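# Chains, contacts and geometry: an overview
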Amino acid sequence: MKKIHIALLVGGILCAASLVLGGVALALTGFDFYRTVSTMTYQQKTAAYEPSLLDSIDIAAEDLKVTVSPSADGQVHLSYWESAVDTVSLDVENGVLRFRHSAQETWLDNFIRGFWSSFSRYRHVIEIQIPADWAGNLAVTNQNAAVEASNFTALSSALFRSQNGAVTLADIVCHGSLEAGTTNADLSLDRVTAGSTRITDTNARIRLTDVHLGDTVLETDNGALLLHTVEVGSLTAKTKNAAVEAEALTGTGRLVLETTNATLTAIDVMTDGELSLQSKNGGLRATNCHSAALLADTTNGKIILTRCRAGRVQAGTSNAAVEFERLDSGDIALTSSNGGIKGSVLGREEDYIITASTTNGSCNLTNRVGDLPGRLYLQTTNASIHITFTE
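All figures in this text were calculated on a predicted structure; none of them were measured in a lab.

With that settled, the discussion passes to the overall build of the protein. Helix and strand counts for the protein come out as three helices and 32 strands. Looking at the protein as a whole, 44% of its 391 residues are labelled buried. The contacts of the protein with a sequence gap of at least 6 include a subset with a gap of at least 24, amounting to 27%. Carbon and sulfur atoms make up 52% of the accessible area of the protein, which amounts to about 18,500 Å² in all.

Shown next, in the form of structure tokens:
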């Protein structure tokens, strides 16, 4: 035991001596500890332009947040930062203002300039101010930081894109096409009006509230699609492994809502075209939806249709039930396997050609043929069918 104590004492003395010698060596070579906790020096710069000379503005940045907002004096203003790792190029040619910002910081730079220098970067923002009624083409892209734009009334076309940074757009009118996208961060539109629109994301949600768009495509993976008070021409909205929620969605063309391994909910969705609700391994719920045709398809999830109206209704699932209330259609086809079919149809039973079949279950309807205006097709296995008719 005494030998162990002596060994520990000697080891402690050697460690202390090493620290002292290391500190002396660092001091002799000019090492300054405070540099490892200090921040970089940033220099703010500005530029101004006459908007009537600009048809397009093209902004590309890295690592610093970009905001786009209306200017107070009717001019175009740029406010940006330069540092040891931030470089900027700026030019105007043929009516196009191009701004390029790049950040070239390595882990060694981070160590030399201070471990906390990266945190200080978040306080520095690239700001672009444009007249609210400027009618040009706007493109803003960023990497590893957010993009925010708001309060424009007359853009011709617009593109907002980031990687690993949120994209937030509000109170924007774009008379032409709109494109917005990001990865690994949320993307949201509030009170936005535009023509044809494409919005993409991965690993995060897309949220639209009070927007008016032309033909629209929404795509994300592993993130929810949240649509509230949305007007479109046609719509294709797809995600995976996350919910789709649409409320007060109206369209003039085909509306497609699709997900996998999650639920899909449509409330007060109306279109002159077809409404297609698709999922796998998740339930579908449609309430007060009106369309030329209603298609609902899933597996391993229940389908619930409440007060829906369509010229044609086709709904199918497996290993789950199909349930409906006051379904209003002259052409109905409902199928399942290992799940019951139950609900009420708006109309009279004698007005429908009825084909209803099941195995290992009961059915309260009698098949009917003839020259009748309505068609009702019901099929399942290992479960019962129970349908009522209501005026």
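It is worth spelling out the packing of aromatic side chains at this point. Here the structure, examined in full by the defined rule, presents two aromatic pairs. When the centroid spacing of 5.8 Å and the interplanar angle of 45 degrees are considered together, the rings of Tyr-352 and Phe-389 count as tilted. With Tyr-352 in strand β30 (residues 352–357) and Phe-389 in strand β32 (residues 385–390), this residue pair connects regions lying 37 residues apart in the sequence. Accessibility classification places Tyr-352 together with Phe-389 in one group, the buried group.

As a further point, take the nonpolar core. Nonpolar side chains in soluble globular proteins tend to be buried together. Grouped together as the largest cluster of nonpolar side chains are 85 residues, with contacts concentrated most on Phe-160, Leu-169, Leu-208, Leu-257 and Leu-305. For Phe-160, the contacting residues outside a window of four places in its chain are Leu-138, Val-140, Val-147, Ala-149, Val-167, Leu-169, Ile-172, Leu-178, Glu-179, Ala-180 and Gly-181.

A few words on unusual backbone geometry. A negative phi angle characterises most non-glycine residues, just as the trans form characterises most peptide bonds. Even without a glycine there, the phi angle at Asn-184 is positive, about 60 degrees. By secondary structure assignment, the location of Asn-184 is in the loop between β12 (178–181) and β13 (187–193). By relative accessible area, which is 43% here, Asn-184 ends up partly exposed. Within the chain, Arg-326 stands out as a residue other than glycine whose phi angle is a positive 50 degrees. On the secondary structure map, Arg-326 appears in strand β27 (residues 322–327).

Turning next to the pairing of strand β20 (residues 255–258). As judged from the four bridges shared by strand β18 (residues 235–238) and β20, these two strands associate in the parallel manner. From the neighbouring strand, Ala-237 faces β20, where its bridge partner is Leu-257.

Turning our attention to the pairing of strand β24 (residues 290–297). Burial within β24 is extensive, with six of its eight residues counted as buried. Where strand β22 (residues 274–278) and β24 come together, five bridges link them in parallel fashion. When the sheet's bridge partners are listed, Leu-277 is paired in β24 with Ala-296. Looking at chain direction, β24 and strand β26 (residues 309–316) are connected through seven bridges and run parallel. By the bridge assignment for β26, Ala-296 is matched with Ala-315.

Looking at the element boundaries, Ala-333 is found in strand β28 (residues 331–335). Take Ala-333: its relative accessible area is 12%, and that puts it in the buried class. For the pair Ala-333 and Leu-376, spaced 43 residues apart in the sequence, the C-alpha separation amounts to 6.0 Å. Ignoring any residue separated from it by four or fewer positions in sequence, one finds Ala-333 in contact with Val-313, Gln-314, Ala-315, Arg-375 and Tyr-377.

Considering all chains together, one arrives at 13 salt bridges under this definition. A salt bridge links Arg-348 to Asp-351; the shortest N-O distance between them is 3.1 Å. Assessed through its relative accessible area of 24%, Asp-351 is described here as partly exposed. Beyond isolated ion pairs, a larger network of salt bridges with shared partners links Arg-348, Glu-350 and Asp-351.

What follows is about the confidence of the model for the protein. Across the protein, pLDDT averages 90, with 85% of residues at or above 70. Counting interchain partners and residues more than four positions distant, the pLDDT-below-50 stretch residues 33–38 has 13 contacts.

Turning next to the environment of Thr-67. Relative to the helices and strands, Thr-67 resides in strand β3 (residues 65–70). We classify Thr-67 as buried; its relative accessible area is 16%. Separated by 59 residues in the primary sequence, Thr-67 and Ile-126 place their C-alpha atoms 6.4 Å from one another.

The rules behind the values
Residues numbered from 1 in each chain as written. Predicted model: local features only at pLDDT ≥ 70, side-chain atom pairs only at ≥ 80, totals over all residues. Heavy atoms only, no water. Helix = DSSP H or I, 4+ residues; strand = E, 2+ residues; numbered from the N terminus. Buried < 20%, exposed > 50% of the residue type's maximum accessible area, 1.4 Å probe, protein only. Contact = heavy atoms within 4.5 Å. Areas by Shrake-Rupley, 256 points an atom, 1.4 Å probe, with all protein chains shown as cover. Phe/Tyr/Trp six-rings, centres within 6.5 Å; stacked < 30°, edge-to-face > 60°. Core = buried A, V, L, I, M, F, W, Y, C linked by side-chain atoms within 4.5 Å. Pairing = 2+ DSSP bridges. Salt bridge = Lys/Arg side-chain N within 4 Å of Asp/Glu carboxyl O. pLDDT = per-residue confidence, 0-100.

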